[in-house]
Amino acid sequence: MTNEHPFRDEDFDLYALGALDGEEKRALEAHVDTCDGCTEKLGQAYGRVAMIGLAAPQVPPSPGVKEQLMRQIVGTSTGRGGTFAVMPSKKPSTFSGWMWALVPLAGGFAVALVFLWLHTLQLDAQIDALKAHEVEQERTIAQEREEIDMLGAKDTVVVSMSEQKQMPQGTARVLYNSKRGMMVYNGALPAAPADKSYQLWAVPMEGAPISVGVFESMEGGANRIMAKMPPGMQVKAFAVTLEPRGGMPAPTGPFVLMGPVS
Amino acid sequence: MHGPARTGVACKIRYPRDCVYLLLELQSFVNVTTGMDARASDAALIQRIVERDESALAVLYDRYAGMLSSVLNRILHDTQAAEEILQDIFYQLWRTAANFDATRGSLPGWLMVIARNRAISRLRRHNPASGDELEENTVVIPANLESSVAQTQMIGKVRGALEKLPQEQRAAVELAYFEGLTHTEIAAKTGDPLGTVKTRLRTAVQTLKKNLSS
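Residues numbered from 1 in each chain as written. Chains lettered and ligands numbered in written order. Predicted model: local features only at pLDDT ≥ 70, side-chain atom pairs only at ≥ 80, totals over all residues. Heavy atoms only, no water.

Focus: the overall build of chain A
Convention followed: The helix and strand labels rest on DSSP assignments: H or I over at least four residues marks a helix, E over at least two residues marks a strand, and numbering proceeds from the N terminus. Classification of residues uses two cut-offs on accessible area relative to the type maximum, computed with a 1.4 Å probe and protein chains only: under 20% is buried, over 50% is exposed, and between them is partly exposed. Note on definitions: a residue-residue contact is assigned when non-hydrogen atoms from the two residues lie within 4.5 Å.
When helices and strands are counted, chain A shows 5 helices and 8 strands. The order of helices and strands in chain A, counted from the N terminus, is α-α-α-α-α-β-β-β-β-β-β-β-β. When the 262 residues of chain A are sorted by exposure, 40% land in the buried category. A sequence separation of at least 24 residues applies to 61% of the contacts in chain A between residues at least 6 apart.

Okay, structure coming up:
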């Protein structure tokens, strides 16, 4: 701590956390405005503090959010939705006689223009919706193509997962391709309790299990998960556990299904 | 329709510029079919957003929306409000991507800071953010979070670091981060002396910094 830098390192974290107030906050802001070194420290503190948010229980957004977002951006990507300029009108100095005869014609023309403009807006909206749909379709097709390639590959292994004693009755199969870093889970399990979720794990040869996905099973329904994994990773088993709703960073609940990769 | 349709593969060639659009179409098609999109860096995707490529925004959404949704829901306890803010953040990214300088900070860091600021503002009924946050501060996070595996590992590390804190320190950090409370407000809420709250938070951030950088 020196007179030039009258703050300790943790002061930046406290500021980024929003804990400082009053004079402490003002003094740090005033100093950071004039000190490049402390600006850099503050940037690092913001990053560290931002990571605290990762401790929040995992809550995936509903699919509708992405659909609305894509519709929203497609509507702005081409700069449509034009503007009208209201031009100052000149006072007609010689508007008389035969020119009055043109008024009904001009009126009809204006109505037709408005009609055409409204129709164009409607068509634009339809085109935007179709473009958003097309983006989603292409992504789905690419994903399915990749899956089909993987299913047909000679080095894809099939892992049968068997239920564990005193656990919900179910069955599942995993298709895994280590080289492509890809796996597909197909399984059927009874509905999880209200406060629980099923979580699928890949257990590598070395290191802790890696979460592949969290899912809520529907009564009588099947679950399907396609996931990318680090290519070349050696997996010794796949497992499904019962975890607190939203999933956990490491398995804590009982094993429901388990299957070794042979 | 004005401008190129970057995401479709159908394209009529009438003018020389249509050939350019066709090439862009092919590039986009190849990116999607080969899985290059999913592996593209944040900086590359941001550049494509600047060039008005909608599929690049979709990739970034898939990459970070879950992370942001979790923190927004934890702060707000209101799914609808959380999803409104989530959509708004990515829409802002679409509109102002050109302002983002990848050399000055990391995208997930920015997104997390913006998400928290907006959620706290909503919680405390402050005016919503002006939309200029991308220019406000540098945010440097201690890890690359571009892959889901890296995110999972980081989530585990952060949760582990928080769990190691003594209960009263962890509670103080959570009140500050998830409720946006200052030292003084935490002291008023918990009834603890202000000096005690300050010491707890200072010790907690020192420990977190050490554990997250190890």
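Looking at the overall build of chain B
Formally: Exposure was quantified through the Shrake-Rupley algorithm and a 1.4 Å probe, taking into account, for residues, occlusion by the shown protein chains and nothing else.
Across its full length, chain B carries 11 helices and 0 strands. Element order for chain B, N to C, with α for helix and β for strand: α-α-α-α-α-α-α-α-α-α-α. Relative to its 214 residues, chain B shows a buried fraction of 50%. Summed over all atoms, the accessible surface of chain B reaches about 10,000 Å², with 53% contributed by carbon and sulfur.

Observations regarding the nonpolar core
As a reminder of what qualifies: Here, nonpolar core refers to any group of buried Ala, Val, Leu, Ile, Met, Phe, Trp, Tyr and Cys residues whose side-chain atoms link them within 4.5 Å.
Of all hydrophobic cores here, the largest spans 90 residues; its most connected members are A:Leu54 and B:Phe90. Tallying contributions element by element places helix α4 (residues 54-76) of chain B first for this core, with 14 residues. Residues within four places of A:Leu54 in sequence aside, it is in contact with B:Met67, B:Met112, B:Leu145, B:Met154, B:Ile155, B:Val158 and B:Arg159. Counting residues in hydrophobic clusters, the runner-up holds 27 residues, among them A:Tyr176, A:Met233, A:Phe238 and A:Val256.

As for the pairing of strand β1 (residues 157-163) of chain A
Residues and elements named next belong to chain A. Selection criterion: Each pair of strands is called paired provided DSSP finds at least two bridges between the two strands.
Inspection of the sheet shows β1 paired to strand β2 (residues 171-177) by 5 bridges, in the antiparallel sense. Residue pairing for β2: Val157 is matched across the bridge by Tyr176. Of the strand pairs in this sheet, β1 and strand β8 (residues 255-260) are connected by 2 bridges, and their pairing is antiparallel. Residue Ser162 lies in a different strand from β8, and its bridge partner there is Met258.

Overview of the interface of chain B and chain A
Counted only if it meets this: What counts as a salt bridge is simple: a side-chain nitrogen of Lys or Arg found within 4 Å of a carboxyl oxygen of Asp or Glu. Three categories are distinguished: nonpolar for Ala, Val, Leu, Ile, Met, Phe, Trp, Tyr, Cys and Pro, charged for Asp, Glu, Lys and Arg, and polar for the others, with Gly belonging to the last.
Listed as interface residues are 66 residues of chain B and, on the opposing side, 58 residues of chain A. In this assembly, chain B and chain A are joined by 6 salt bridges. Salt-bridge contacts for B:Lys198 lead to A:Glu24; the nearest nitrogen and oxygen are separated by 3.4 Å. Of all the secondary structure elements, the ones that give two or more residues to the side of chain B that touches chain A are α1 (16-33), α4, α5 (79-96), α6 (107-123), α8 (148-164), α9 (167-179), α10 (183-190) and α11 (194-213) of chain B. Here the side of chain B that touches chain A takes 15 residues from α4(B), the largest share from any one element. A class-by-class count of the residues in the side of chain B that touches chain A yields 37 nonpolar, 19 polar and 10 charged.

What about empty space enclosed by the protein?
In this approach, a probe sized like a water molecule rolls over the atoms, and the result shows the empty space that is left. Cut-off, in case you're wondering: In this analysis the probe radius is 1.4 Å and the grid spacing 1 Å, with only protein atoms considered; a cavity is a set of points the probe fits into but cannot get out of, a pocket is an open set with protein on both sides within 12 Å along at least five of seven lines, and lining residues have an atom within 4 Å of a point. Grid points are joined across faces, edges and corners, and a volume is the space filled by probe spheres set on the points.
Throughout the structure, instances matching the rule amount to 2 cavities of 30 Å³ or more. Among the secondary structure elements, those contributing two or more residues to the lining of the largest cavity are α3 (36-52) of chain A together with α11 of chain B. In terms of residues, the lining of the largest cavity owes the most to one element, α11(B), which gives 4 residues. For the lining of the largest cavity, the per-class residue count stands at 5 nonpolar, no polar and 3 charged.

Structural notes on the pattern of salt bridges
Oppositely charged side chains can form a pair if their charged atoms are brought close together. By the definition in use, this model includes 20 salt bridges over all chains. For A:Asp13, the salt bridge identified is with A:Arg48, shortest N-O distance 2.9 Å. Linking A:Asp13 in helix α1 (residues 9-17) with A:Arg48 in helix α3, this pair joins segments that are 35 residues apart in sequence. For A:Asp13, a relative accessible area of 3% gives the class buried. The partner of B:Arg63 in a salt bridge is B:Asp42, and the shortest N-O contact between them spans 2.6 Å. Highlighted residues: B:Arg63 in helix α4 and B:Asp42 in helix α3 (residues 42-50), separated in sequence by 21 residues. The exposure class assigned to B:Arg63 is buried, which follows from its relative accessible area of 10%.

Notes on the state of the cysteines
Residues and elements named next belong to chain A. As a reminder of what qualifies: Working definition: a disulfide is two cysteine sulfur atoms within 2.5 Å of each other.
What the rule picks out here adds up to 0 disulfides over all chains. With no disulfide of its own, Cys35 has Cys38 as its nearest cysteine by sulfur position, at a separation of 3.5 Å. With relative accessibility at 9%, the residue Cys35 sits in the buried group. Under the relative-accessibility criterion, Cys38 is labelled buried at 3%.

Side note on α8(B)
Here is the rule we go by: A helix's residues, less one, multiplied by 1.5 Å, set its expected span.
Between the first and last C-alpha of α8(B) there are 24 Å, a value that for 17 residues agrees with the 24 Å anticipated at 1.5 Å per step. Those residues of α8(B) not exposed but buried are B:Val149, B:Ala150, B:Gln151, B:Thr152, B:Met154, B:Ile155, B:Val158, B:Arg159, B:Ala161 and B:Leu162. The secondary structure elements touched by the buried residues of α8(B) are α3 and β5 (210-215) of chain A together with α4, α9 and α11 of chain B.

Quick notes on the sheet that holds strand β3 (residues 182-188) of chain A
The pairing of strands in a sheet happens through backbone hydrogen bonds and is either parallel or antiparallel. Residue and element names in this part refer to chain A. Quick note on the threshold: For helices, the fitted line uses only the C-alpha atoms of the stretch in contact; every axis is such a line through C-alpha atoms, and the angle between N-to-C directions lies from 0 to 180 degrees.
Read from one edge of the open sheet, 8 strands run β5-β4-β7-β8-β1-β2-β3-β6, paired in antiparallel fashion. Each having just a single partner strand, β5 and β6 (222-228) make up the two edges of the open sheet. Neighbouring strand axes in the sheet, compared pairwise and without regard to direction, differ in orientation by 20° on average. Each of β2, β3 and β6 touches helix α5 (residues 102-152); the most contacted strand, β3, lies at about 90° to it.

Here we look at the pairing of strand β4 (residues 196-204) of chain A
Residues and elements named next belong to chain A. Burial within β4 is extensive, with 8 of its 9 residues counted as buried. With 9 bridges joining them, β4 and strand β7 (residues 235-244) adopt antiparallel strand pairing. Directly across from Trp201, in β7, lies its bridge partner Ala239. Linking two consecutive strands that pair antiparallel, namely β4 and β5, is a turn of 5 residues; a positive phi of about 95° is found at Gly207 within it.

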